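Summary of structural features
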Amino acid sequence: MPILATTPTLKISSHELSQIRQLTELKSSSGSHSPSLTTMQESLPDINVAIDACYLSNPLATDLFWKFFNSDVQMDDQLFRRIVEAYPAQNANIAERLAPAIGVDSSRILMANGATEAIQAIIHNYASHLHVNVPTFSPYYEFATPGHQITTFQSHKEDGFALDPVQYVDSVVKSGADAAILISPNNPDGYMIPRGDLNWILDRLSYLRTIVLDESFLHFGLDAPPGVLPSLVSVTEAYPNVSIVKSMSKDFGIAGIRAGYAVMAPDRVKELLDHGYLWNINGMAEYFFLLMTRRNFITEYLGVLREYRGAVSRFTARTANADYVTAYPTSANFQLMELPPGLPADLITTLMLVRHGVYVRNCDDKIGLDGEFIRVAIRTEKENHQIISALEDVISSV
Ligand SMILES: *Cc1c(COP(=O)(O)O)cnc(C)c1O
């Protein structure tokens, strides 16, 4: 809904109106991804972003990374110089060291410069017709080339965005696609496919050339045995057409480092590495992946994850009872919320930003969302209180 058409009836100052105009312009020049914080602060210096609840990272894990990095740099004063000066290890070499932490043989691992790079590799090499559930993470259809065909399966807000396995499989089969994309928990709605449904789906779709199973948010939704990182990588052994895609950006709070990987059939990894991806893991990402092989880092990370998941459930317990938005149940570290009738998402997100410095995601550009939606990243306990107050305040004031 265009905000400026609705503003005359709403209580907004002329200064706010000009900020709204500037932000709308900035957003439209950033395509389907939100402008980064730096970009926003450069273009609109009078807006002070106090809380970034747009990007979806675990802030406690960023603190943990920072603690380990600082202590390692202190113990070895050449560490950072080496990271900058030297070539990082090669893709397959990092995969080999990381394999025990991931829990599969290294021949199945393609290290990636962010999961986005793995998504691109899979779509460009092992798919020609993609069947995508919508709403979804947009690169899954944006990375399709003019030679790709795309069809969609719609999940519905009335069902809490649940994926009906029978309808889904039926839709994949009828589409004629050779590749299906599943994200669990899904971005932007947070729905996690139950394990029984997932196995059923993978069995029925074993005829496909490729199934992408993106588990970038799985740490927030799945309980694993003590000491173990939640993951579905073992399914790639039973189903050779499945590629697991994993971003480290969200659960480890390190989006800037660009670290991710995919787990898939060894012949595919070999083929991809034979033709590229040699030094795609930069020195900082290599440092991070080595941290993942350290027992004490994983133990502390799992502690931080437990604490953060506590904050996530306290947040969702509060929003579940809210009468000012419809908050959808989530298994991830963010929540999709539908605004009351007549309140456009771009207006609410902009007012939260200019009045409270709280940056949340306006979902206007998400295909497959029918209504006015925002997506709120869940953060620290203290920030979550501020996010909820900002939301309540803005919605009650317009
Ligand atoms: C953010 C995201 C990614 C990509 O993350 P990278 O930063 O490229 O590692 C992949 N899949 C989903 C579902 C995401 O939300």
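Higher on the page you've got the structure.
Notes on the structure follow. (Residues numbered from 1 in each chain as written. Predicted model: local features only at pLDDT ≥ 70, side-chain atom pairs only at ≥ 80, totals over all residues. Heavy atoms only, no water.)

**A word on the environment of Phe315**
Test applied: Going along the chain from the N terminus, every DSSP run of H or I of four or more residues is numbered as a helix, and every run of E of two or more is numbered as a strand. Here the term buried applies to any residue with accessible area under 20% of the maximum for its type, exposed to any over 50%, and partly exposed to those in between, with areas from a 1.4 Å probe on protein chains only. Whether two residues touch is decided by their heavy atoms; if any such pair falls within 4.5 Å, the residues are in contact.
Mapping Phe315 onto the fold places it in helix H15 (residues 295-320). You can call Phe315 buried: its relative accessible area is 2%. In the structure, Phe315 is positioned 18 residues away from Asn333 in sequence and 9.8 Å away in space, judged by C-alpha atoms. If near-sequence neighbours (up to four positions away) are discounted, Phe315 is found in contact with Gln335, Met337, Val376, Ile378, Asn384, Ile387 and Ile388.

**Quick look at the environment of Leu218**
Assignment of secondary structure puts Leu218 in helix H11 (residues 218-221). With relative accessibility at 2%, the residue Leu218 sits in the buried group. Taking the C-alpha atoms as reference, Leu218 lies 21 Å from Ala179; in sequence the two are 39 residues apart. Among all residues touching Leu218, those that are not within four sequence positions of it are Ser184, Pro185, Met192, Pro230, Ser231 and Leu232.

**Things to note about the side chain of Ser216**
Counted only if it meets this: For this analysis, a polar contact is any N or O atom pair within 3.5 Å, provided that within protein one partner can donate a hydrogen and the other can accept it, and provided that sequence-adjacent residues contribute only side-chain to side-chain pairs.
Within the secondary structure, Ser216 sits in the loop between strand E6 (210-214) and H11. Assessed through its relative accessible area of 3%, Ser216 is described here as buried. A polar contact of 2.7 Å, which involves the side chain of Ser216, links it to the side chain of Asp214. In terms of polar contacts, Ser216 uses its side chain to reach the backbone amide nitrogen of Ser247, at 3.0 Å. Apart from residues lying up to four places away in sequence, Ser216 is in contact with Val245, Lys246, Ser247 and Asp251.

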